[in-house]
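Commentary on secondary and tertiary structure
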Amino acid sequence: MTIEPDLVAARERARSVADAVLFPAAQATDRAALVPSANIEALRGAALLGLQGPVSVPGGLGASHVTARPVFEAVAGGCGATAFVWAQHHGAVRRVAGGDGPARDAWLPRLCDGSILAGIGFAYLRRPGPPAVRAERTSGGWLIDGEAPWITGWGLIDVLVVMARAADGSVVTAVVDRPGEQSALHAGGPQALAVMGATGTVALGFDGLEVSDDDVVGVQTDDGWRRRDRAGSALPPAAPFGIAGRAIDLLSERGSDQSVSAVAGSLAGELDERRTAADLVAESIAGSMAGGGANDDVLVAAGATERDRGLDLARRATDALVTASGGRAISLEHPAQRLSREATFYLIQAQTADLRTASLARVGRRR
């Protein structure tokens, strides 16, 4: 995979922030009520909020789904909670960048230059049954009602990109400014989570939220949205490689124990192999998405397989770190237990029926 010099520099900045700022404080962040603003500021200061924004916009680095992977991996290896909040921002950037209305010009520059941090809500669109979040057309925009069960970054984000289902089944995407100040939005308390508890993840109610046409990113057919979402969900995530890499590094630091060193070396070699395989599959899927997100069952299956292999590696690497660290690994002060929980989290993050089937099949094959 060839990476442009600007993106190589972004990867190095991400590694520096992860090692110098995020990882040293990750245990405290894991137990905090909310990701410290200093963590977000460090990523902003490293010019990493415009990673996947177009280069035509100030701050945009133009990273694709493939070339952004080393940067996502680096940040995830520093602090899982911070990485997850930051990743939501890039989901919002991609949605706004793909729009063709006035909202794109109004919001994209500020999203890319680091002026604002964004959250995004859309996973509920995958659920069968009545729409969780609904959009009704008005004379000058849309009226949004319903409840999003999972919104991340509450208390940190400046804007929220929300997706809602219209009466004809189409998907409306809009930008909500200063969501915490909107009287039509009602956030529950932070979700009680076993991992990523500092991400500001809440259930968010929409009670007649008025959205102007000027803040609408676009309206997409249900079929178009589902095709693109299916392909996008099959992209193997980079974050588990960051978790595995950090666990392997911590194992390698125990160089006096030959058995631990041998395991660390074996896992490191496997990590390189899995990265290469995942990059190749991600490149193919990204090409499919660029062509409209065709429902290529072969590509989706390949993505699900590589995703599962990456998750399995992260689980085994963190299991090895827990085992090598002994009883202290279960102390909340020790990174082994946090990395183990973060690896588990990615089993269900962005999970679809295709991905669930692949993961369960792998578990069922183990005897």
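Our structure is the block above this text.
Scoring rules and cut-offs
Residues numbered from 1 in each chain as written. Predicted model: local features only at pLDDT ≥ 70, side-chain atom pairs only at ≥ 80, totals over all residues. Heavy atoms only, no water. Helix = DSSP H or I, 4+ residues; strand = E, 2+ residues; numbered from the N terminus. Buried < 20%, exposed > 50% of the residue type's maximum accessible area, 1.4 Å probe, protein only. Polar contact = N/O pair within 3.5 Å; in protein donor to acceptor, adjacent residues only side chain to side chain. Axes fitted to C-alpha atoms, helices over the stretch in contact; angles between N-to-C directions. Parallel < 35°, antiparallel > 145°, perpendicular 65-115°, else oblique. Contact = heavy atoms within 4.5 Å. Nonpolar A, V, L, I, M, F, W, Y, C, P; charged D, E, K, R; others polar. Core = buried A, V, L, I, M, F, W, Y, C linked by side-chain atoms within 4.5 Å.

Summarising the element assignment, S233 is placed in helix α6 (residues 222–233). On the basis of relative accessibility, which here comes to 8%, the residue S233 falls in the buried class. Separated by 3.2 Å, the side chains of S233 and R126 make a polar contact.

Further remarks concern the packing of helix α1 (residues 5–31) against helix α10 (residues 335–345). At a minimum axis distance of 10 Å, the contact between α1 and α10 shows a crossing angle of 75 degrees. The orientation of α1 relative to α10 falls into the category roughly perpendicular. Between α1, through F23, A26, Q27 and D30, and α10, the contact on the second element is made entirely by P335, Q337, R338 and R341. Looking at the contact of α1 with α10 residue by residue, the class counts come to 3 nonpolar, 2 polar and 3 charged.

Side chains of nonpolar character tend, in soluble globular proteins, to be buried together. Residues L51, W86 and F206 are the most contacted members of the largest nonpolar core, which totals 88 residues. Of all hydrophobic cores here, the second largest spans 16 residues; its members include A92, V96, L111 and V159.

Looking now at the environment of D105. Residue placement: D105 occurs in helix α5 (residues 102–112). Counting along the chain gives 112 residues from D105 to V217, while the straight-line C-alpha distance between them is 9.8 Å.

Right, let's talk about unusual backbone geometry for a bit. For R178, which is not glycine, the phi torsion reads 45 degrees and is therefore positive. For R178, the location among the structural elements is in the loop between β5 (171–177) and β6 (185–187).

For T152, the position within the fold is in the loop between β3 (141–151) and β4 (159–166). On the basis of relative accessible area, T152 is assigned to the buried category, the value being 7%. Only 2.9 Å separates the side chain of T152 from the side chain of T201, close enough to count as a polar contact.

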